[in-house]
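If you want the building blocks of each chain, they are given just below.
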Amino acid sequence: MSTYISKEITAELDAARIAGLKKTSRLRVEIGDNTYKILRLWRDGFTVEAETTPQLRGLVDIYDGANHLYQCLIIADEDEAGEMRYEFKRSTAAADKAPLDFYRAPDAPIALLGHED
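Since we're looking at a predicted model, the values are computed, not measured.

**Q** I tried to follow the packing of aromatic side chains on my own but got confused; where do I start?
**A** The description of an aromatic ring pair uses the distance of the two centres, along with the angle that the planes make with each other. Scanning the model with the defined rule gives two aromatic pairs in all. The interplanar angle of 25° and the centroid separation of 5.4 Å between the aromatic rings of Phe46 and Tyr86 together place this pair among those described as stacked. With Phe46 in strand E3 (residues 45-49) and Tyr86 in strand E6 (residues 83-93), this residue pair connects regions lying 40 residues apart in the sequence. Look at Phe46 and Phe88: their rings are 5.9 Å apart centre to centre, the planes differ by 40°, and that puts the pair in the tilted class. Placement of Phe46 in strand E3 and of Phe88 in strand E6 is noted, with a sequence separation of 42 residues between them. Look at Phe46 and you get buried, because its relative accessible area is 0%. Under the relative-accessibility criterion, Phe88 is labelled buried at 16%.

**Q** In this structure, what is going on with the environment of Leu27? I would like to understand it.
**A** With respect to the secondary-structure elements, Leu27 resides in strand E1 (residues 27-31). Separated by 82 residues in the primary sequence, Leu27 and Pro109 place their C-alpha atoms 37 Å from one another. Once residues within four sequence positions are removed from consideration, Leu27 is found in contact with Lys37, Ile38, Leu41, Tyr63, Asp64 and Leu69.

**Q** Where do I start with the nonpolar core in this structure?
**A** One broad trend across soluble globular proteins is that nonpolar side chains are buried collectively. Formed by 14 residues in total, the largest nonpolar core has its most connected members in Val29, Ile38, Phe46, Val48, Ile62, Ile74 and Tyr86. Residue assignment for this core shows that the elements contributing at least two residues are E1, strand E2 (34-42), E3, strand E4 (58-64), strand E5 (67-80) and E6. Of all the elements, E6 adds the most residues to this core, at three residues. In this structure Ile74 touches Phe46, Leu56, Arg57, Gly58, Val60, Tyr86, Glu87 and Phe88, once residues within four positions along its chain are discounted.

**Q** Help me understand the side chain of Glu83, please; the structure alone is not making it clear to me.
**A** Among the structural elements, Glu83 can be located in strand E6. Assessed through its relative accessible area of 4%, Glu83 is described here as buried. If we ignore the near neighbours within four places in the chain, the residues touching Glu83 are Arg17, Ile18, Leu21, Leu39, Arg40, Thr47, Val48, Ala50 and Glu78.

**Q** Explain the pattern of salt bridges here, please?
**A** Opposite charge on two side chains permits pairing when their charged atoms draw close. Applying the stated criterion across every chain, the model contains five salt bridges. When the shortest N-O distance is used, the salt bridge between Asp44 and Arg43 registers 3.5 Å.

**Q** Looking at this model, I keep getting lost on the pairing of E1. Mind explaining?
**A** Pairing analysis gives four bridges linking E1 to E4, with the strands arranged antiparallel. Bridged to Val29 within E4 is Ile62. In terms of strand pairing, E1 meets E2 through four bridges, oriented antiparallel. Of the residues in E2, the one forming a bridge with Val29 is Tyr36.

**Q** How should a nonpolar patch on the surface be read in this particular structure?
**A** A cluster of nonpolar side chains, namely Ile5, Ile9 and Leu13, defines an oily patch on the protein surface of about 290 Å² accessible area. Topologically, Ile9 is positioned in helix H1 (residues 7-24).

Rules used throughout
- Residues numbered from 1 in each chain as written.
- Predicted model: local features only at pLDDT ≥ 70, side-chain atom pairs only at ≥ 80, totals over all residues.
- Heavy atoms only, no water.
- Phe/Tyr/Trp six-rings, centres within 6.5 Å; stacked < 30°, edge-to-face > 60°.
- Helix = DSSP H or I, 4+ residues; strand = E, 2+ residues; numbered from the N terminus.
- Buried < 20%, exposed > 50% of the residue type's maximum accessible area, 1.4 Å probe, protein only.
- Contact = heavy atoms within 4.5 Å.
- Core = buried A, V, L, I, M, F, W, Y, C linked by side-chain atoms within 4.5 Å.
- Salt bridge = Lys/Arg side-chain N within 4 Å of Asp/Glu carboxyl O.
- Pairing = 2+ DSSP bridges.
- Patch = residues over 30% accessible without salt bridge, like charges linked within 9 Å, V, L, I, M, F, W, Y side chains within 5 Å.
- Areas by Shrake-Rupley, 256 points an atom, 1.4 Å probe, with all protein chains shown as cover.

Below you can see the structure in the form of structure tokens.
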């Protein structure tokens, strides 16, 4: 016995799946002044909705709500079931402060309080 699903039903199922992913995801990709909702994110890449998102390329920033997670260099991979897949050529975790160029002991004082004589 073989199962046949028409193209219209497959398209509706894909649209419902993408709508569910968009509703639950807080992740977004930002390129320039434009932002797009990320449907799925994994170690080597992410997907966005193929219909509403233009072809992305180059350096992008990935956010979880207001938190900057990564700065990434991306390339397009494939379009499958309404999702455009992108892979990372480089992914750098974002930090909220500049890296230190010296060793800081874990038990070092934060500030030095003194007493004037």
